[in-house]
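Structure at a glance
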Amino acid sequence: MSLRMFRVISTAIVALALTQPAAFAHDQIGVAGGLFSGLLHPVTGIDHLIAMVAVGIWGAQLGAPAIWVLPITFPLVMAIGGVLGVLRIPLPMPEVVIAVSALVLGVAVATRLRLSFPVAAVIVAVFAVFHGHAHGAELPGSANPMAYGVGFVTATGLLHLGGIAIGTLTRWPAGERVIQGLGAGIAGLGCYFLAQGLGAIA
Amino acid sequence: MKLKFRRGWIAAALLLAQGGAAEAHIVAARLGDFYMGALHPFTDLQDVILWTATGVLAGSLGASRGRWLILVFPLGLLVGLPLGRIFGAASAGLADAAMMLAIGLMLAAATRIPTSALCAISFGLAVMRGAANGADLGPDTDRVLFAAGLACVGYTIITLTMALTVVFRGTESDGSAPWRTIAVRALGGWIAAIGLMMASIVLAS
């Protein structure tokens, strides 16, 4: 690289760095902060993320009516858990149940577990309440709560839809294997979080 | 010379990238209160979600039932606006959450409510939100201009949302994909979930 080019690039980098506004990191405030926190919360918690995606994949594997009932009812059931969390009504061992949810849903995806729709719906609903409880209990104090709710429901719904989209790979034999591998990975991560929740590992 | 030219381009590009919105003149002068009324609902998430939900509900019921809202909704806003001075914005949170939950559940369940019920719901909602918007008015605000702006934007949002929903859903005869109906119902589920969360937040605060 010529010296001139080096100077031009370095000038650009320094100028860009000097003209950036403040980051306002950490403390998410106001409507934008609430929306941002709500959108990020389900995505940044890996235990939540894998469970939400697994629900979508399992719904796609189960087919109708699960594939269309779950996107409609899941955020609502999760919001019931969120209500319990916001109202500070405790649930037993929430971290352990959330880890178990990843493990169970991962195994269900990996083994293509075929349960009747009511049984599958009850399993998913119980887990949804615990996940929602965690989101509600961790509502940031400084952020706009309404915006947080909008962000959290939207992010959860999109993760769920993402899972359903991944689940459509089951139409192809190779895709089916990929999904089963993904389920096994989710179950493995669930085991890790369960061990962490029980205090077996730091 | 070539180096200076490049630096000049970089500086110009950086200046352009850093530029913010001008926010000049119009809101603060002459017809400013009209624009204030038109923009005010966009500053509140309750308005954005509830107005959109009402439009989607009307659109999901079809154009023949929903078209009454083009008149009813702005009228409700105008009726509610003066009530804002009397009741203020206090205690509207729980009512808004309940409305959000009810409309969301109706959408999620694909309930075919009659036209009269749809008009009553949307009129009640518009009165509530009109009062909430009116509660924020200062003594210097021209209320007629503000009301005109609010009614215009109410008409626009409801008509557009309703029309988009009607077009998106399509009709059974044109063989529209069933997933479109499911998408509208899923959106209803999301709106109901937001309403439920909001109700709990209001109750907890």
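Residues numbered from 1 in each chain as written. Chains lettered and ligands numbered in written order. Predicted model: local features only at pLDDT ≥ 70, side-chain atom pairs only at ≥ 80, totals over all residues. Heavy atoms only, no water.

**Some words on the overall build of chain A**
Each helix and strand in chain A was counted, giving eight helices and zero strands. When the helices and strands of chain A are placed in sequence order, the string is α-α-α-α-α-α-α-α. Surface accessibility of chain A: about 9600 Å² in total, with carbon and sulfur atoms responsible for 75%. (Helix = DSSP H or I, 4+ residues; strand = E, 2+ residues; numbered from the N terminus. Areas by Shrake-Rupley, 256 points an atom, 1.4 Å probe, with all protein chains shown as cover.)

**Description of the nonpolar core**
If you look at the biggest cluster of nonpolar residues, it comprises 82 residues, and the most contacted ones within it are Trp58(A), Leu105(A), Trp51(B) and Met100(B). Sorting elements by how many residues they give to this core places helix α9 (residues 178-204) of chain B first, with ten residues. What Trp58(A) contacts, discounting residues up to four positions off in sequence, is Leu105(A), Ala108(A), Val109(A), Leu113(A), Leu115(A), Ala120(A) and Val124(A). (Core = buried A, V, L, I, M, F, W, Y, C linked by side-chain atoms within 4.5 Å. Buried < 20%, exposed > 50% of the residue type's maximum accessible area, 1.4 Å probe, protein only. Contact = heavy atoms within 4.5 Å.)

**Thoughts on the environment of Leu71(B)**
Residues and elements named next belong to chain B. Tracing the backbone through its elements, the reader meets Leu 71 in helix α5 (residues 69-87). Relative accessible area serves as the criterion here: at 60%, Leu 71 is assigned to the exposed category. Here the alpha-carbon distance between Leu 71 and Gly 154, two residues 83 residues apart in the chain, equals 9.8 Å.

**Side note on the side chain of His160(A)**
Inspection of the secondary structure puts His160(A) in helix α7 (residues 145-167). Among residues more than four places away in sequence, those in contact with His160(A) are Met52(A), Val55(A), Gly56(A), Leu70(A), Pro71(A) and Phe74(A).

**Topic: helix α7 (residues 115-135) of chain B**
Residue and element names in this part refer to chain B. The terminal C-alpha atoms of α7 lie 30 Å apart, and with 21 residues this matches the ideal 30 Å at 1.5 Å per residue to within 8%. Looking only at α7, the buried set comprises Leu 118, Cys 119, Ser 122, Leu 125, Ala 126, Val 127, Arg 129, Gly 130, Ala 131, Ala 132, Asn 133 and Gly 134. In this structure, the buried side of α7 is in contact with α3 (45-60), α4 (63-66), α5, α6 (92-108) and α8 (143-169). (Expected span 1.5 Å × (residues − 1).)

**A short note on the UniProt feature "transmembrane region" (unreviewed entry) in chain B**
All names here are of chain B. UniProt's feature table lists "transmembrane region" (unreviewed entry) at residues 48-79, 113-132, 144-170 and 182-204, given in the numbering used throughout. Annotated as residues 48-79, this span is 88% helix and 0% strand, and its ends, taken at the C-alpha atoms, are 19 Å apart. The straight-line gap between the two end C-alpha atoms of residues 144-170 is 39 Å; of that span, 96% is helix and 0% is strand. (UniProt positions renumbered as here; feature names shortened; annotations may be inferred.)

**A few points about α8(B)**
Residue and element names in this part refer to chain B. With 27 residues, α8 extends 38 Å between its outermost C-alpha atoms, agreeing within 8% with the 39 Å of an ideal straight helix rising 1.5 Å per residue. Turning to α8, its buried residues number three or more, namely Phe 146, Ala 147, Gly 149, Leu 150, Ala 151, Val 153, Gly 154, Ile 157, Ile 158, Thr 161, Met 162 and Thr 165. Looking at the buried side of α8, the elements it contacts are α2 (32-39), α3, α4, α5 and α7.

**A word on the UniProt feature "transmembrane region" (unreviewed entry) in chain A**
Residue and element names in this part refer to chain A. UniProt's feature table lists "transmembrane region" (unreviewed entry) at residues 35-60, 67-87, 93-110, 117-134, 146-169 and 181-201, given in the numbering used throughout. Summarising residues 67-87: 95% helix, 0% strand, and an end-to-end C-alpha distance of 31 Å. Span residues 93-110 is 94% helix and 0% strand, its end C-alpha atoms 26 Å apart.

**Observations regarding the interface of chain A and chain B**
Contact with chain A, which involves 34 residues of that partner, is made by 28 residues of chain B. Between chain A and chain B lies a buried interface of about 2700 Å² when both sides are counted; carbon and sulfur atoms form 85% of it. Counting across the interface, chain A meets chain B through zero salt bridges. Inspection of the chain A/chain B interface yields zero residue pairs in polar contact (both at pLDDT 80 or more). Elements with a minimum of two residues in the side of chain A that touches chain B: α1 (3-18), α4 (66-86) and α7 of chain A. Here the side of chain A that touches chain B takes eleven residues from α7(A), the largest share from any one element. Of the residues that constitute the side of chain A that touches chain B, the class distribution is 25 nonpolar, seven polar and two charged. (Buried area = accessible area lost by both parts, 1.4 Å probe. Salt bridge = Lys/Arg side-chain N within 4 Å of Asp/Glu carboxyl O. Polar contact = N/O pair within 3.5 Å; in protein donor to acceptor, adjacent residues only side chain to side chain. Nonpolar A, V, L, I, M, F, W, Y, C, P; charged D, E, K, R; others polar.)

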